Structures are given as structure tokens and as C-alpha cells.
Amino acid sequence: MGGQEEFLSLELVKIGAEAVIYKVIWRGLLLIAKRRVPKPYRHPDLDIEIRRKRTINEARVMHRSKMLGVSCPAIIHVELSTSTIYMQYIEGRDMREILACEPEEALRIATKIGELVGKMHRGGIYHGDVVPSNIMVANGLPVLIDFGLSGFSLEIEEQAIDVHLLERSLKANYPAITDSFMQRFMKGYESIVGIEYARQVYQRVLEIRKRARYVTRGLRHEG
Amino acid sequence: MLGNSRVCLGIESTAHTIGFGIVTSDGEILSNELETYRPTSGGIHPREAAQHHAQVAHEVLRRAIQKAGISIDEIDIVAFSVGPGLGPCLRTGATIARALALRLGKPLVAVNHGIAHIEIGKLVSGGTDPLVLYVAGGNTLITAHHEGRYRIFGETLDIAAGNCLDAFGIYAGIGPMPAPELEARKGTTLHPLPVRVKGMDVSFSGLLTAAKKLVDSGVSIPDASLSITEAAYSMLVEVLERALALTMKKEIMTVGGLARSRRLREMIDEMVKLHDARQLYVRDEFLGDNGAMIAWTGLLMHMHGLTIDISQSKVRPRLRIDEEEAPWVGRKSS
């Protein structure tokens, strides 16, 4: 793969707490570039190390997810010198919009999201931030984006946190359809991981909910 | 009573410090006296610390009253630290508080130690609605007032940041904080150590283990100290930045013993420059455990009728900051 100059920056999409997202063109293809920016408060050596490690982790998890059949953007290129991941641009709708305007359609997709998360968990991956703003819908099917907090683990705790965060975020923003959404989600989830495992995960979700420290978590996705 | 203002005596004894502070309802700190138990070797032993507190309490209280320039009968409210903390230490302070409240015939207020750190910080720094990083030997959390109480946005998943650095210093033979930070200033080479951040939560036990291994492998103490302090502070400032982006608060305040760190303060200054926020500075005297913070919070609680019957005044070693309403915080966030 060529150097940085081959990527034509088009527009700035978003400035997040950790990374900046751009739309770029590479050999005629529209891509998304996720760049982890240096933090001036960190010691420069540590800063480079942190950005490098996290970039590698995110790209690895996304690549592995793809191999497991989890719908997510395809990795095109990783540039460690600038800690940038170039990935497929997903042409689709924001799940939040569907939740707000088309509840029937949202419930149909809920089952599909359950299947998608199930595949990921079965393959030993947790996303770390499964919320509507990180779900796009293309051709009627969900695509998971932003793997910035993801990782490899088969622990029930990590997987239950995924389910918990989704439910918490739905409840804060779309309370009327949360229950039926989660029912469908769990149905799709269970069809992949099996009834017994799904039950264990949900049992843990109930435990997590009782712990105070997660109460405010879903907050960041409100509004 | 002093004029129209009420006077509260606050008793702090959650860990190695016993403190007595006297504060008025106008926010005037009349005195803030304390003594700290210093173990001859190793960590803090709860029962020995409690014995220390019991031995010196009388003298510290006498000093606090003398410096405040009042007589003991002028005290209107007695407040004590009810938790979180070490059981034997908490019970020593609580026993003194109960005895005083009974003898003086004054109301008793049970204060949440973590909330008290925040309230005294706000009082002395002039803050109104800050995002708070509370970092000490036994606590590491990020909190802000939201819908009636202090909510926890992130916290440590294992050991506290202060505990991590203290344990490292003791292991390296230089002693607890601030020794590792002072050594770090002499360091030249940074060795990358595991930085574990999960959402707005942090984890320090892996960092401690890895830093000990650095020492074992012959890395100089200044370099190992530089490596562990930079990694630990980076984690704290990163989650703080995330919480700032989420809550959109305009003020950041760091409290607790580890807030005395100059390097941590400097890093937060760098971080807030990237955002529309400012850092509040709290004087060292009010960062660590002290009696004035209990007295001031006791006053705020008393104003809202949050007194406690002696029969209900059992200490709560595992109390959390978000377990109680904080109705005196007027301004709503969100």
C-alpha cells in the first residue's frame, strides 16, 4: 500500500474524545479515516505507544469480526505512523433515525442486531459500546461501527456489558419500544449463541443493572 | 452560635488522619487541625491507626477549639465521617462525635467522606458545578452532580491510583507518595507500561505489577517512577477528558490526597485547554483528609434537615458517593 499522499481528504466528519473522523478518497473509493490524535498532556513516548496499540487492537478486532461474518466496515489500510485506520465507507441510515421514525422497522432490525452481536460474542469479541449511534442500517441490515472500545474476551461480563449498554441507551431515548426491541434482540441473539448461554448473559445483565457504577453510563448517548 | 451563623464541629477519621475542623454556616473555616498516623513500616494497620486516633484525639480537638477562638458550648452541630473508610478508624471518630453530641445536646450529622472532599473543594476554590476527579489512597472515581446526587461516571475496577503509586514506592524502597513523583522528575527514559482504560473506568493493578517488574529487571528507580506516574496520570486524565466531553461541565476539580500531585495538575491544565473548561485549584490543606470538610458538609446537610439519631449512627465502611441524595447542590447539571 502506498503512503499517506494517496489518500485525498474530503471532509471532517466528527471530532471525538479520542479520534478524528474524515471522509477520504483513495483510488476512486470513498473511505472513512479514523485518526487517533496526539494528546498534548501525555508524555510523547507514552502517547505514541498508546495510539499505536489501540489502532492495532481496533483493526485486529474489526478484521476478526469480518471473518466471523459480523457486518462491519472492511479495513482497507492501517497507517501506524499517524495511527490512522482507513476503512470502508458505509452508505446507510443511522439506527437512531429508524428508532425515532419507524418503530416497526426498528423492531424488525432488532432481531438482526441480536444475531450480529451473537456472532461476535460467539467468536470471543466484545464491542464495548453497542448503542444505536454505533449501528448503521444498509440494505435493511445492521452494520456495527466504532470498535474503539472493543476487545477479545470470552468472559460473560464483557458480553453482558454489551447487552446492558444497548438496553440502557434504548431506555433513555426510546423507552416506549425498549422492551419489545430487547425481546426481539434476545431472540436473534439466542438463535446464534443458544438458549442456555443467552440466559446466562441476560442473568448477568440483571446483576450489572443493580451495580450503581453503571447507572450513568448510557448518558453519553442521550440527545 | 456566632452572631446569626451556626457553628459546626467536623470529625474526620476514615483512614490515617484524625482531624477536627470548625466551620461556620457562612463558610468561614475557623480551624482545621489534624494528626496523621505514620506506620513505622509497610502499609496502614487499621487497629493501630484507630489506637493512634484515640490517643491524640483529645489534644487535636483542644487545639481546634482554641484556634477557632470559641468555647465548646458555642458549637451548634456535630458532624462526623460515617464512611467509606476503615472500620476501626471510623468507629473512633464516631464514638467521639456521639459523646460530644450527647454532652452538648446538639444534633449529629453523618457525613459521606467522599462528598465532603468535593464540598470543601468547591467552598475554597469557588467552584459551583465541577466535574470531579477524586483520587486518593483508597478511592479513584470521576463524579459530578446530576439529578439530585453525585453520580459516578467512572471509577477504578480494582485498586486506587494512590494505592498503586504508594505500593510501587514502598516496593522500590523509596516510600509512598510523593516519593515516586519526586523520583520521576529525575527520570530520563520512559518505559511503556500497560494503560488500561475501559470506557470511563480505569484499572491499576496490571500497571503496578508491570512497574514492579521494571524495578526487578534493573531499570533505574527514577526511570521506573517516571514510567509508572506518567502511565497512571495519563489514564486518569484520559477518562476525565471523556467524562468532560460527555457532561460538558465547565469546571474540573481534583480532590483527595493524590490531587497534590503537581504533574497531574499540569496534565489536567493541558487537557482543559482542548475544551471549554477551566481547572479549579484547591489548596493542599483541603485536598487530603481533614476535619473542616466534614464540618462544612455537615452544615450543608443540617440545613436540609439531614441529621441522624444516635441509635442510627453506625459507621458505613463501604458507603459510596452515589448512595445518598445531595439536595443542597442547587444548580442542576445536564
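Calculation notes
- Residues numbered from 1 in each chain as written.
- Chains lettered and ligands numbered in written order.
- Predicted model: local features only at pLDDT ≥ 70, side-chain atom pairs only at ≥ 80, totals over all residues.
- Heavy atoms only, no water.
- Contact = heavy atoms within 4.5 Å.
- Buried area = accessible area lost by both parts, 1.4 Å probe.
- Salt bridge = Lys/Arg side-chain N within 4 Å of Asp/Glu carboxyl O.
- Polar contact = N/O pair within 3.5 Å; in protein donor to acceptor, adjacent residues only side chain to side chain.
- Helix = DSSP H or I, 4+ residues; strand = E, 2+ residues; numbered from the N terminus.
- Domains from an automatic or database assignment.
- Nonpolar A, V, L, I, M, F, W, Y, C, P; charged D, E, K, R; others polar.

1. Some thoughts on the interface of chain A and chain B
Put simply, an interface is often sized by how much accessible area is lost when its parts join up.
Now for step 1: Facing 23 residues of chain A, the contacting portion of chain B comprises 30 residues.
Now for step 2: Contact between chain A and chain B buries roughly 2400 Å² in total, counting both sides, with carbon and sulfur atoms accounting for 60%.
Now for step 3: Run the count over chain A and chain B and you get four salt bridges.
Now for step 4: Notably, a salt bridge pairs B:Glu238 with A:Arg42, separated by 3.7 Å at the nearest N-O pair.
Now for step 5: Between the two partners, chain A and chain B, sit three residue pairs in polar contact (both at pLDDT 80 or more).
Now for step 6: Ranked by residue count, the leading element in the side of chain A that touches chain B is helix H1 (residues 44-67) of chain A, at five residues.

2. As for the domain arrangement of chain B
All names here are of chain B.
Now for step 1: Assigned domains of chain B: these are domain 1 (7-118 + 286-323) and domain 2 (129-283).
Now for step 2: Between domain 1 and domain 2 the total buried area reaches about 1400 Å² when both faces are included, carbon and sulfur atoms providing 66% of it.
Now for step 3: The largest per-residue losses of area from domain 1 upon contact with domain 2 belong to Ile 118, Leu 287 and Ile 321, which jointly make up 46% of the total buried on that side.
Now for step 4: In this assembly, domain 1 and domain 2 are joined by one salt bridge.
Now for step 5: A salt bridge links Arg 320 to Glu 155; its shortest N-O distance comes to 3.4 Å.
Now for step 6: At the surface where domain 1 touches domain 2, the tally comes to six residue pairs in polar contact (both at pLDDT 80 or more).
Now for step 7: When the residues that make up the side of domain 1 that touches domain 2 are grouped by side-chain class, the tally is six nonpolar, five polar and three charged.

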